[in-house]
Amino acid sequence: MRLSGITPSGHPQLGNHLGAVRRWASDGRPDDLYFVSDLHAMTTSHDPNRLRARTSEMLAVLVASGIPVERVFVQSDLARELGALTWVLECTCSYGEAARMVQFREKGSGQGGVRLSLLTYPVLMAADILLQGADEVPVGEDQNQHVELARALARRFNGTYGEVFAVPRAVLPATGARVRDLADPTRKMSKSARDAAGVVFVLDEPDLIRRKVRRAVTDGCTGVAYAPAERPGVANLLEILAGCLGGRPADLAEGFGSYGALKEAVADAVIEELRPIRERTRALLADPGELARIRREGAARAAERGEHRLGSAMRLIGAG
Ligand code: ATP
Ligand code: MG
């Protein structure tokens, strides 16, 4: 089975939709699981109320995007199970292994006040994966090393104490378009970007989407052509258009005589792509009882699925 998470570190954006969530909804197999990884959003300074609100919003967007409610849950609802398994896995992991993680070295080194969880969160991520018995974990390049750690810990635990865990592997997403920031096409679009001017959020209203697309950075060339290296801004718009409508960016380019016409077409396509998701998300957020029910049932199912693995791991390691 596959397991994938999304961290509520900001509002979901178009890249999350085209590059991940849309595919989770369309390709998911019946026993796959997708979760809102709110515990992972606490490794750097955070605001509790904002985190809570973004977690609900992200869960609503996953469901509104078409992921069946049987396949979603919120990570913190399994805090007991994950906390216990994280401890077991921390007792399986060496300090050096955790400290080697590139993300920790990049974000955590040399600064004061770094949270210990920034060092240990890859072990929590291993617990997310191993608790559910996931054998495939779709991740971006930046998370590959963390899945490797989960793999090493599963092997080590199984070899030392007894066979409990499936050994997971990272699957890189099938050449998903990398959506770039509209205001700076050298960067990818991100939900936690400091400057949101070039970020289209899934819940943006249509006229805001149109304004952001109209202001997208292009270049001084004339005529629309697909040349990612030389004309990244225009290429990004064509890739977004292809992501929404299908077809190949280079073919789509031929239909436009000017950047203005291209931008109107991109705005229309993005607005129509996101409209049903925005509307369904708003409806869910307006019905907190329904969202709470989805959350409760998702938590119960996910906890039950992992229960026997946690129990076996505890027994084998000498606890209980
Ligand atoms: P953050 O800024 O917190 O890292 P993010 O927008 O990069 O947020 P992630 O939580 O890192 O989002 O990733 C969630 C999923 O969305 C991953 O599968 C990732 O590959 C995908 N994704 C994120 N940004 C893009 C993008 N610009 N284009 C395509 N896919 C993306
Ligand atoms: Mg990211």
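Residues numbered from 1 in each chain as written. Chains lettered and ligands numbered in written order. Predicted model: local features only at pLDDT ≥ 70, side-chain atom pairs only at ≥ 80, totals over all residues. Heavy atoms only, no water.

## What to know about the environment of Arg 180
So the rule is basically this: Counting from the N terminus, the helices are DSSP H or I runs at least four residues long and the strands are E runs at least two residues long. Residue exposure (1.4 Å probe, protein chains only): buried if accessible area is under 20% of the type maximum, exposed if over 50%, otherwise partly exposed.
Within the fold, Arg 180 resides in the loop between strand S5 (169–171) and helix H8 (206–214). The exposure class assigned to Arg 180 is partly exposed, which follows from its relative accessible area of 30%. Taking C-alpha positions, Arg 180 is 8.0 Å from Gly 233, a pair spaced 53 residues apart along the chain.

## Considerations on the domain arrangement of the protein chain
As a reminder, the rule being used: Residue ranges for the domains trace back to a domain assignment, done automatically or taken from a database. Any two residues having at least one pair of non-hydrogen atoms within 4.5 Å are treated as being in contact. Two parts placed together each lose some accessible area under a 1.4 Å probe, and the buried area is that loss summed for both. Salt-bridge detection follows one rule: a side-chain nitrogen of Lys or Arg within 4 Å of a carboxyl oxygen of Asp or Glu. Residue classes follow a fixed rule: Ala, Val, Leu, Ile, Met, Phe, Trp, Tyr, Cys and Pro count as nonpolar, while Asp, Glu, Lys and Arg count as charged, and any other residue, Gly among them, counts as polar.
Parsing the protein chain into structural domains produces domain 1 (3–171 + 288–316) and domain 2 (196–282). Each of domain 1 and domain 2 has a C-alpha centre, and these two points are 32 Å apart. Contact with domain 1, which involves 12 residues of that partner, is made by 14 residues of domain 2. Both sides together, the interface formed by domain 1 and domain 2 hides about 1100 Å², and carbon and sulfur atoms give 72% of it. Three residues, Leu 14, His 17 and Ala 64, lead the burial of domain 1 against domain 2; their summed loss comes to 45% of the area buried on that side. Our count for the domain 1 to domain 2 interface comes out at 1 salt bridge. Residues Glu 273 and Arg 22 are paired through a salt bridge, measuring 3.5 Å at the closest nitrogen-oxygen approach. Elements that contribute at least two residues to the side of domain 1 that touches domain 2 include exactly helix H1 (14–27) and helix H2 (48–64). The residue inventory of the side of domain 1 that touches domain 2, partitioned by class, reads 6 nonpolar, 4 polar and 2 charged.

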